[in-house]
Amino acid sequence: MDPLDRLAEPGLDLLRRVDRLIAAGVPEGHRVWPLLRRMQVLPGDAVRGFLDLHPAPLASAGHAVRRLVRGYDDVSAALTDSVLWSGPAATAYGQQRAALLRHLDEGPDSLVGRLESTAGYADALADWVEGSRLALARTLADVLRSAEAVSVVAATAPGPSTRPGPGVADAAEIAARVLAVLCVAYDGAETLLRQWAPSLAETAWRPPVAGQPHYDQPTRVGW
């Protein structure tokens with residue numbers, strides 16, 4: 001259980017109250033408006049959705065993908081065994097084998113290269129989730145002990161139905177702080193996708209190069 005999990009119950013209780021108040025009306029020109037338009041969700045719902053994101057499954061996925069590389073290593077080793085025959089058929093075989101070795105494990109565009117990129121992307125996402133959850137936890141901790149939170153709780157205490165007025169401006173301020181940190185988090189996710197997308201694209205088969213058989217074990221492009 002991380003800090004966000006520990007703050008989830010009181011944080012969501014406060015944000016339910018915040019959602020109730022800002023649904024009744026937000027002051028014109030408040031900084032929460034562009035955040036609401038961008039996220040298209042109230043802060044309580046936004047946080048509930050983010051609580052389902054955890055770094056451990058992504059880190060485990062990265063480890064699982066890296067374990068697949070061993071199978072490709074075994075195949076590549078078998079393909080580098082010396083051929084004890086010669087002639088046109090041996091030459092053609094050598095060219096095909098060289099092309100297959102390149103496709104399997106030669107550079108970032110090979111199958112192994114793509115596996116390593118996929119594992120690296122999973123690791124980067126795990127780091128993003130961990131950092132984003134910590135940032136959101138800090139924001140929730142701050143708003144839970146704020147004067148605005150006291151005002152929001154008082155304004156949503158049992159009694160007459162909520163109307164625009166008391167507590168609304170404070171609710172809007174809490175909403176803005178929560179949505180702002182989530183906007184930063186999702187910007188980070190989009191940045192990661194842009195950075196990694198070229199390395200995650202489908203790798204293309206590179207046909208054999210006539211007259212250039214290649215029998216050596218390819219050089220791994222590691223991390």
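Notes on the structure follow. (Residues numbered from 1 in each chain as written. Predicted model: local features only at pLDDT ≥ 70, side-chain atom pairs only at ≥ 80, totals over all residues. Heavy atoms only, no water.)

Looking at the nonpolar core
Here comes step 1: Counting 43 residues, the largest nonpolar core has Val 18, Leu 136, Ile 174 and Leu 182 as its most contacted members.
Here comes step 2: Residue assignment for this core shows that the elements contributing at least two residues are helix 1 (3–23), helix 2 (32–39), helix 3 (43–50), helix 6 (111–144), helix 7 (147–155) and helix 8 (168–200).
Here comes step 3: The dominant element in this core, judged by the number of residues it contributes, is helix 8, at 15 residues.
Here comes step 4: Leu 136 has contacts with Leu 4, Val 47, Phe 50, Val 178, Val 181 and Leu 182, leaving out every residue within four places of it along the chain.
Here comes step 5: Grouped together as the second largest cluster of nonpolar side chains are 5 residues, Val 65, Val 69, Leu 115 and Ala 119 included. (Core = buried A, V, L, I, M, F, W, Y, C linked by side-chain atoms within 4.5 Å. Buried < 20%, exposed > 50% of the residue type's maximum accessible area, 1.4 Å probe, protein only. Helix = DSSP H or I, 4+ residues; strand = E, 2+ residues; numbered from the N terminus. Contact = heavy atoms within 4.5 Å.)

Thoughts on the side chain of Asp 19
Here comes step 1: Turning to its location among the elements, Asp 19 is positioned in helix 1.
Here comes step 2: The charged side chain of Asp 19 is buried without a salt bridge, its nearest counter-charge being Arg 48 at 4.3 Å.
Here comes step 3: If sequence neighbours within four positions are ignored, Asp 19 has contacts with Leu 42, Pro 43, Gly 44, Asp 45 and Arg 48. (Lys, Arg positive; Asp, Glu negative; His and termini not counted. Salt bridge = Lys/Arg side-chain N within 4 Å of Asp/Glu carboxyl O.)

Focus on helix 8
Here comes step 1: Over its 33 residues, helix 8 extends 46 Å from the first C-alpha to the last, a length consistent with the 48 Å expected when each residue adds 1.5 Å.
Here comes step 2: Of all bends in helix 8, the biggest is about 30 degrees, found at Arg 194, and the proline Pro 198 comes one to four residues later. (Expected span 1.5 Å × (residues − 1). Bend = angle between axes of the 7 residues up to and from the residue.)

Some words on the packing of helix 3 against helix 8
Here comes step 1: Where helix 3 meets helix 8, the axes come as close as 10 Å, and the angle between the chain directions of the two elements is 40 degrees. Here helix 3 is positioned oblique relative to helix 8, judged by the angle of their axes. Remark: the crossing between helix 3 and helix 8 carries left-handed chirality. Across from Pro 43, Ala 46, Val 47 and Phe 50 in helix 3, the residues of helix 8 making contact are Ala 175, Val 178, Leu 179, Leu 182, Ala 185 and Tyr 186. (Axes fitted to C-alpha atoms, helices over the stretch in contact; angles between N-to-C directions. Parallel < 35°, antiparallel > 145°, perpendicular 65-115°, else oblique. Left-handed = near helix turned anticlockwise from the far one by under 90°.)

With respect to the pattern of salt bridges
Here comes step 1: Considering all chains together, one arrives at 10 salt bridges under this definition.
Here comes step 2: Of the charged contacts in the structure, one is a salt bridge between Arg 38 and Asp 187, with a shortest N-O distance of 2.2 Å. Taken together, the residues span a long stretch of sequence, with Arg 38 in helix 2 and Asp 187 in helix 8 at a distance of 149 residues.
Here comes step 3: Here Arg 38 falls in the partly exposed class, since its relative accessible area comes to 45%.
Here comes step 4: With relative accessibility at 30%, the residue Asp 187 sits in the partly exposed group.
Here comes step 5: When salt bridges with common partners are traced through the structure, they connect Asp 2, Asp 5 and Arg 133 into a single cluster.

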